[in-house]
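Spelled out from the first residue to the last, the chains are:
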Amino acid sequence: MALQIEDLVASIRKDGVEAAQRDADKIVSAAKAQAQQIVEQAKRDAAQLKADTERELSVRDASARATLAQAGRDVELSLKKALSAQLDRLLEARVEKALSASELASLIASVVKSGVVDTKKEEIQVNEKACKALCQELAASLADELKGGLVVKPVRGVDTGFRIAEKDGSGFYDFSAEEIASLLKPFLGDEMAKIVFTA
């Protein structure tokens, strides 16, 4: 009977060990499966993170390029505006230089003698400081017109050139350096601009 008990104990032991081994194998298998799932989820998370990062970098890159392009256009527009303003100043200065006192007197005399000015209704307006010298220059060349009612009047609004103005103040034609330059500007081609702006 002792032998049977030993066999029984050995059999129980063997069944217990085998059961424990099966349980251990199940636990190990479940742990391996869980570990595999964790690794796969980590790979998916890493791939998603990488894709999100690449998309964000792409958006930032596109935004930076758009900002640079806009900055380039802004610089170009500012430069064009500055160059245009400088060319306007140069043209005005050239026209102003061409309207020196003797040239201006000659121009006014030519305009009046051409019959453009109605001496009964219109007057010539000139710069206050230049009026005295201009009137002296015009006295001989426009003597008859001055006797006939032509008025050469100093006004504050005229810096260079002259105006032909209605005596009643209803309107005027502006022949100032600034106005002549703005009228000439659209007609200047590249070659003409080179000639005008050459010092």
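Preceding this section is the structure that the text describes.
Residues numbered from 1 in each chain as written. Predicted model: local features only at pLDDT ≥ 70, side-chain atom pairs only at ≥ 80, totals over all residues. Heavy atoms only, no water.

Colleague: For this particular structure, what's the right way to read the nonpolar core?
Modeller: Soluble, globular proteins show a tendency: their nonpolar side chains are buried together. Core analysis: the biggest nonpolar cluster contains 17 residues, and Ile-108, Ile-124, Val-126 and Phe-162 have the highest contact counts within it. Those elements that provide at least two residues to this core are helix H2 (101-113), strand E1 (122-127), helix H3 (131-141) and strand E3 (162-166). Counting residues per element, this core draws most heavily on H2, which supplies six residues. (Core = buried A, V, L, I, M, F, W, Y, C linked by side-chain atoms within 4.5 Å. Buried < 20%, exposed > 50% of the residue type's maximum accessible area, 1.4 Å probe, protein only. Helix = DSSP H or I, 4+ residues; strand = E, 2+ residues; numbered from the N terminus.)

Colleague: Sorry, what's going on with the pattern of salt bridges here?
Modeller: In this structure the tally under the stated criterion is five salt bridges. Taking the shortest distance from any N to any O, the salt bridge between Arg-60 and Glu-56 comes out at 2.7 Å. Of this pair, Arg-60 and Glu-56 both sit in helix H1 (residues 2-98), four residues apart, which is roughly one turn of the helix. Residue classification places Glu-56 among the partly exposed residues on the basis of a relative accessible area of 42%. Between Glu-145 and Lys-113 there is a salt bridge, with its nearest N and O atoms 3.9 Å apart. Highlighted residues: Glu-145 in helix H4 (residues 143-147) and Lys-113 in helix H2, separated in sequence by 32 residues. (Salt bridge = Lys/Arg side-chain N within 4 Å of Asp/Glu carboxyl O.)

Colleague: Teacher, can you tell me more about the sheet that holds E1 here?
Modeller: In a beta sheet, neighbouring strands are held together by backbone hydrogen bonds and run either parallel or antiparallel to one another. Here we have four strands laid out as an open sheet, ordered E2-E1-E3-E4, and mixed in their pairing. Edge positions in the sheet fall to strand E2 (152-155) and strand E4 (172-175), since each has one partner strand and no second. Averaged over all pairs of adjacent strands, the angle between strand axes in this sheet comes to 25 degrees, irrespective of strand direction. On top of the sheet, H3 reaches E1 and E2; it is set at about 165 degrees to E2, its chief contact. (Pairing = 2+ DSSP bridges. Axes fitted to C-alpha atoms, helices over the stretch in contact; angles between N-to-C directions. Contact = heavy atoms within 4.5 Å.)

Colleague: Mind showing me how you'd approach the pairing of E1 here?
Modeller: Consecutive side chains along a regular strand alternate between the two faces of the sheet. Most of E1 sits inside the fold, with six of its six residues counted as buried. Of the strand pairs in this sheet, E1 and E3 are connected by five bridges, and their pairing is antiparallel. Within E3, the position partnered with Gln-125 by the bridge is Arg-163. Inspection of the sheet shows E1 paired to E2 by four bridges, in the parallel sense. Its bridge partner lying in E2, Val-126 is registered against Pro-154.

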